[in-house]
Amino acid sequence: MVDVASRLREAIDAKRDDLIALTQDLLRIPTINPPGDCYLEICEYLANRLKTHGFEIEMIRANGAVGDSDRYPRWNVIARREGKRVGDCVHFNSHTDVVETGRGWTFDPFGGELRDGKIYGRGACDMKGGLAASIIAAEAFIETCPDYAGAIEISGTADEESGGLGGVAHLAELGYFDPARVQHVIIPEPLNKDRICLGHRGVWWAQIETFGEIAHGSMPFLGDCAVRHMGAVVSEMEETLFPALAAKRTEMPVVPEGAKQSTLNINSLHGGQDELPVDFTGFPSPTVPDSCRMVIDRRFLLEENIDDVQREIGDVLEAVQAKRENFSYELKEMHRVIPTMTDRNAPVVQTVSRAVEAVLGTQPDYVVSPGTYDQKHIARIGRLHNCIAYGPGILDLAHKPDEYIGVDDMIDSAKVMALSLADLLGSHERP
Ligand SMILES: [Zn+2]
């Protein structure tokens, strides 16, 4: 193994220019989501690249998934390369979509410029750098250990930034993440090269609507103001709910520290007339609002269950109802994701951990993400729990202007991935 490990490292060092060029090529395909541009183009690019390294290619469009249309088709690519003997399958999954650029860039967001050992562009760290590192790792491994057992898969999937329904969720529904087919999954999201991400907190999105009665704004006593009812809901949350959430701490190693508890964000709050269009120059009309809507984004812990999370909000609303006359409301769930955390003793965790130690000389940190990523679909739909996120890049740079990926970091994490492949798929030295 020592011998194979050093040959793998050398092979990856020798591919430095290839890694840079590959990352730049990926960055120059502007796969902005929404709306989901250039998915076919990036899938074809990946297919062509991997075909020349002996991978079988499947292109899968998520027909009928949310967001899928003939104008913006949700294309995904899965490349699989069989080994020489029976064994496990290791799958690297990367999302190909990036978020909008936003303002404040000093580099061309789709230029892929290399400066001082960093490659700049939208998606450089989240997560085209990780995708490129996993491809280089697989190619170096295949060249170094051509007689490996099992199989290697690399997928490029759509829509992670908008929930993953046209990407990993769709593939999982089709059985691509069935544990009979795939045994180990590594998602090269930018969690830093010395950290292994075991999972994420849960999510519960809901809409609360309070109702009132419309009347002339000069005589509000003839109506009933839905915004004031909602104000009472916010006060009740401030008094009872937010302190209660802050007191719920988790054993999950969530980073950053502030997310090691239950949280709730009031995502939006709107009551009364719609905001006037920017090109409208007149005034609003005087009315008492008869509806006020709040969208909440509740992040919850492995120690909590979704029924309690829902009940907690119901309790807030009932407490307000007990205090206010004519208080009526509706509570609607919009979206839920169950928290997931891979066991620290799972084979993929143990393997990548050993590889991090071999490459970086330090034990990895085990972390849990405050927000979700595609692991949710692999765990819930695929029922595959031997899954982690591990990849190069600094999470804080994701979605920011002048996002970049360090070339050295990609090299190091590619070495970790290649050593992990050697460990899981058996080097040719094994019987
Ligand atoms: Zn990402």
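Residues numbered from 1 in each chain as written. Predicted model: local features only at pLDDT ≥ 70, side-chain atom pairs only at ≥ 80, totals over all residues.

An order of β4-β5-β16 is seen for the three strands of this open sheet, with the pairing classed as antiparallel. Of all the strands in the sheet, the pair left with one neighbour each is β4 (114–115) and β16 (404–406). One ladder, built from two bridges, connects β4 with strand β5 (residues 118–120); its direction is antiparallel. Residue Leu114 lies in a different strand from β5, and its bridge partner there is Ile119. Set on the sheet, helix α2 (residues 16–27) makes contact with β4, β5 and β16; between it and β5 the angle comes to about 15°. Together, β5 and β16 form the strand contacts of helix α10 (residues 407–425), whose direction differs from that of β16 by roughly 60°. (Pairing = 2+ DSSP bridges. Helix = DSSP H or I, 4+ residues; strand = E, 2+ residues; numbered from the N terminus. Contact = placed C-beta atoms within 7 Å. Axes fitted to C-alpha atoms, helices over the stretch in contact; angles between N-to-C directions.)

Moving on, we come to the nonpolar core. Ile136, Ala137, Val352, Ile388, Ala414, Ala418 and Leu421 are the most contacted members of the largest nonpolar core, which totals 95 residues. Dropping the residues within four chain positions of it, Ala137 is found in contact with Ile12, Ala414, Met417, Ala418 and Leu421. Listed in part, the 16 residues of the second largest apolar core include Ala226, Ile296, Val320 and Phe327. (Core = buried A, V, L, I, M, F, W, Y, C linked by C-beta atoms within 7 Å. Buried ≥ 20, exposed ≤ 12 C-beta atoms within 10 Å, placed from the backbone.)

Next up on the list: unusual backbone geometry. Note: most residues except glycine have negative phi, and most peptide bonds are trans. Here the bond from Asn33 into Pro34 is cis, since omega is -10°, no more than 30 degrees from zero. When you line up the elements, Pro34 lands in the loop between α2 and α3 (39–51). Residue Pro35 is bonded to the preceding Pro34 through a cis peptide linkage, with omega at 10°. Unusually for a residue other than glycine, Cys38 sits at a positive phi of about 65°. As for its position among the elements, Cys38 is in the loop between α2 and α3. According to the C-beta neighbour criterion, Cys38 is buried, with 20 such atoms within 10 Å. The phi angle at Asn192 is positive, at roughly 85°, despite the residue not being glycine. Secondary-structure assignment places Asn192 in the loop between β7 (184–187) and β8 (195–200).

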